[in-house]
Amino acid sequence: MNILIENVKILTMADGELIKNGNIYIENEKIKKITNDKIDFSYDKKIDGKNYLAMPGFVNAHTHVGMSLFRNFSDDVELMTWLNEKIWPLEDKLIEEDVYWASLLSHAEMIMTGTTSFADMYYFEDQTIKALEKSKMRAQISRGLTLEDKNYKKIEENIELFKKYENSQDGRINIAFGPHAVYTTDKNYLKEINKYAKKYKMPIHIHLSETKIENDECIKRFGQSPTEVFEECGIFENRTIAAHGLYLSDKDLDILSKYDVSVVHNPSSNLKLSSGFLDCTRVINKKINLAMGTDSSASNNNLSMIKEISLTSLVSKYNNPQNLKAYDVLKMATINGAKALGLDDKIGTLEEGKLADIILIDLNNPNHTPQNNLISSLPYSTFDKDVSYVIINGDLVYDDKKFVYLNEKEIIKNAEKSFQKLRNRK
Ligand SMILES: N[C@@H](CCSC[C@H]1O[C@@H](n2cnc3c(=O)[nH]cnc32)[C@H](O)[C@@H]1O)C(=O)O
Ligand SMILES: [Zn+2]
């Protein structure tokens, strides 16, 4: 599909804090040209960009899309109670079909709020991949790996996912290993995962130092921090997404900065589960790639990156307005997320030759008036409803606030039905 976006304001995220005017020519899956000139180009679709801001689609670098049936199911508790008493017992009853509809529900929510890629950790991931055939989103998929894993069957499933789906769906899908966390694994298990990650050159997705209890118990168990345990087991020798990172010591940060590890900030989930709030500036100052995620809609309780961008900005400024400029937060949600997924040469900025993962934000509304500083407007004034067009891999998937491929009504009906059945399942 060839698309022309004409006369649009563009935040490329590649030219620094500059908004330029121009036309974006999308040929098949790539950005062919960004220019003020008219070029000879035949298009299937033209979008009048006059009232819009074009920018890279958001990269949600940590989520569990299969969990969206658990939305508003367990609130007002901290992480370990939430997992042990509420979520894990319910997950025992989850079936493949639930994860299919939960995934589609999440994909719809992400697309309509401007997310084009995500990194996921869950199980029944073949259902999430099946849902991706419909939604056309870009994703890094990992199978959550925990110690209740007889004969390493889960590791095997994770490898199967890699063999079957790596680079599938026009290259939109990549597969990672998902060792869940230090408290659900042990050193032998982590070393086994590292062995296969090296063999298949697969990246890794973990939860890291999310709560103070996680750290304290790890130190009691191993005499080491979670970061030290993962390092000893070789995990960081593979490109790694480390979600949360709230309780990292200076030594931990020094370790992470030596490797290709991206920390992912999940502000809503961290606040809601009373885990704490990440000092983003401290991580960035250590030259560690800091990306952004929503975590699942069971602990957030939605999947809007616009909300995470806003929260990250505002809460980071609680004691110093100089903390975290608007542009730095936008980097976390775009190019840093792309780097976390190993895709920074392909997505994350709008540049000629890159894949076209582009969103258009509607500026013709009270909350964007006057158009004074559009970069500031993104964290401070933009709402989810302002996302009007979403293009993924050169394919228009959201057209003037309507889904092109997804049937929203059908998804809502089936997700609701699945949840009712799940609740009544013994
Ligand atoms: N227990 C599953 C695999 C785990 S998938 C990833 C797990 O992460 C859990 N999870 C979701 N959000 C968080 C979080 O913020 N911290 C820790 N775990 C989480 C989620 O409930 C899920 O159990 C099996 O049967 O094989
Ligand atoms: Zn998580």
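Because the structure is predicted, anything quoted here is derived from the model rather than measured.

1. Focus: the UniProt feature "binding site: Zn(2+)" (unreviewed entry) in the chain
- Here the UniProt-annotated "binding site: Zn(2+)" (unreviewed entry) positions come out as His-62, His-64, His-207 and Asp-295. Separation in sequence by 234 residues is not matched in space for these annotated residues, since their most distant C-alpha atoms are only 11.8 Å apart.
- Within the secondary structure layout, His-207 lies in strand E10 (residues 204-208).
- Residues in contact with His-207, not counting those within four places in the same chain, are His-62, His-64, Met-121, Pro-179, His-180, Ala-181, Glu-214, Phe-230, Ala-243 and His-244.
- Tracing the chain through its elements places Asp-295 in the loop between strand E13 (289-292) and helix H12 (305-316).
- Among all residues touching Asp-295, those that are not within four sequence positions of it are His-62, Thr-63, His-64, Glu-210, His-244, Asn-266, Ser-269 and Leu-303.

2. Thoughts on the site of ligand 1
- By nearness alone, 20 residues border ligand 1, and Glu-91, Arg-143, His-180, Glu-210 and Asp-295 come closest of all.
- The separation between an oxygen atom of ligand 1 and a polar side-chain atom of Arg-143 is 2.6 Å.
- One of the side-chain N or O atoms of Glu-210 is found 2.7 Å from a nitrogen atom in ligand 1.
- Protein chains bury 94% of the 560 Å² of accessible surface belonging to ligand 1 in isolation.
- Secondary structure elements with two or more residues in the shell around ligand 1: helix H1 (79-91), strand E7 (115-122) and strand E8 (138-145).
- Among the elements that line the shell around ligand 1, the one with the most residues is H1, at six residues.
- Residues belonging to the shell around ligand 1 are distributed by class as follows: 10 nonpolar, five polar and five charged.

3. Side note on unusual backbone geometry
- In this structure, Asn-301 follows Asn-300 across a cis peptide bond, with omega equal to 0°.
- Take Asn-301: it is sitting in the loop between E13 and H12.
- Cis geometry is found at the peptide bond from Thr-369 to Pro-370, where omega equals 0°.
- Secondary-structure assignment places Pro-370 in the loop between strand E14 (358-362) and helix H15 (374-381).
- Of note, Lys-136 is a non-glycine position whose phi angle comes to about 70°, a positive value.
- For Lys-136, the location among the structural elements is in the loop between helix H3 (125-135) and E8.
- Residue classification places Lys-136 among the partly exposed positions, given a relative accessible area of 24%.
- Positive phi, close to 70°, is recorded for Lys-401, a residue that is not glycine.
- Relative to the elements of secondary structure, Lys-401 occurs in the loop between strand E16 (395-399) and strand E17 (402-403).

4. A look at the UniProt feature "domain: Amidohydrolase-related" (unreviewed entry) in the chain
- Per the UniProt record, the feature "domain: Amidohydrolase-related" (unreviewed entry) sits at residues 54-397.
- As annotated, residues 54-397 comprises 42% helix and 19% strand, and the C-alpha atoms at either end are separated by 15 Å.

5. So, the packing of aromatic side chains
- Enumeration over the complete set of coordinates arrives at 10 aromatic pairs.
- Judged by centre distance (5.0 Å) and plane angle (55°), the ring pair of Tyr-398 and Phe-403 falls under tilted.
- Overall, Tyr-398 belongs to the buried group, its relative accessible area being 4%.
- Given the relative accessible area of 14%, Phe-403 is considered buried.
- One aromatic cluster is present, built from ring pairs that chain together Tyr-122, Tyr-123 and Phe-124.
- Residue placement shows Lys-130 over the ring face of Tyr-100; its charged tip is 4.5 Å from the ring centre.

6. Thoughts on the domain arrangement of the chain
- For the chain, the domain assignment lists domain 1 (3-57 + 348-403) and domain 2 (58-341).
- With centres defined by C-alpha atoms, the gap from domain 1 to domain 2 works out at 28 Å.
- Listed per partner, the contact involves 31 residues of domain 1 and 31 residues of domain 2.
- Across the domain 1 to domain 2 interface the summed buried area is about 2,400 Å²; carbon plus sulfur atoms make up 69%.
- On the surface where domain 1 and domain 2 come into contact, there are one salt bridge.
- The partner of Arg-138 in a salt bridge is Asp-357, with the nearest N and O atoms 2.8 Å apart.
- Along the contact surface separating domain 1 from domain 2 lie five residue pairs in polar contact (both at pLDDT 80 or more).
- If you list the elements that add at least two residues to the side of domain 1 that touches domain 2, you get strand E5 (52-56), H15, strand E15 (387-392) and E16.
- Sorting elements by how many residues they give to the side of domain 1 that touches domain 2 places H15 first, with five residues.

7. Some points on the coordination of the zinc ion (ligand 2)
- The coordination sphere of the zinc ion (ligand 2), as far as protein atoms go, consists of His-62 (NE2), His-64 (NE2), His-207 (NE2) and Asp-295 (OD), spread over 2.1 to 2.3 Å.
- The site at the zinc ion (ligand 2) holds four donor atoms, and with the angles between them running 86 to 173°, its shape is irregular.
- Each donor residue of the zinc ion (ligand 2) lies on the same chain, and together they follow the pattern H-x1-H-x142-H-x87-D. Highlighted residues: His-62 in strand E6 (residues 58-63) and Asp-295 in the loop between E13 and H12, separated in sequence by 233 residues.

Rules used throughout
Residues numbered from 1 in each chain as written. Chains lettered and ligands numbered in written order. Predicted model: local features only at pLDDT ≥ 70, side-chain atom pairs only at ≥ 80, totals over all residues. Heavy atoms only, no water. UniProt positions renumbered as here; feature names shortened; annotations may be inferred. Helix = DSSP H or I, 4+ residues; strand = E, 2+ residues; numbered from the N terminus. Contact = heavy atoms within 4.5 Å. Near = heavy atom within 4 Å. Polar contact = N/O pair within 3.5 Å; in protein donor to acceptor, adjacent residues only side chain to side chain. Areas by Shrake-Rupley, 256 points an atom, 1.4 Å probe, with all protein chains shown as cover. Nonpolar A, V, L, I, M, F, W, Y, C, P; charged D, E, K, R; others polar. Buried < 20%, exposed > 50% of the residue type's maximum accessible area, 1.4 Å probe, protein only. Phe/Tyr/Trp six-rings, centres within 6.5 Å; stacked < 30°, edge-to-face > 60°. Lys NZ or Arg CZ within 6 Å of the ring centre and 35° of its normal. Domains from an automatic or database assignment. Buried area = accessible area lost by both parts, 1.4 Å probe. Salt bridge = Lys/Arg side-chain N within 4 Å of Asp/Glu carboxyl O. Donors = N, O, S within 2.8 Å, 3.2 Å for Na, K, Ca; no water. Tetrahedral: all angles 85-135°; square planar, octahedral: opposite > 155°, others 65-115°.

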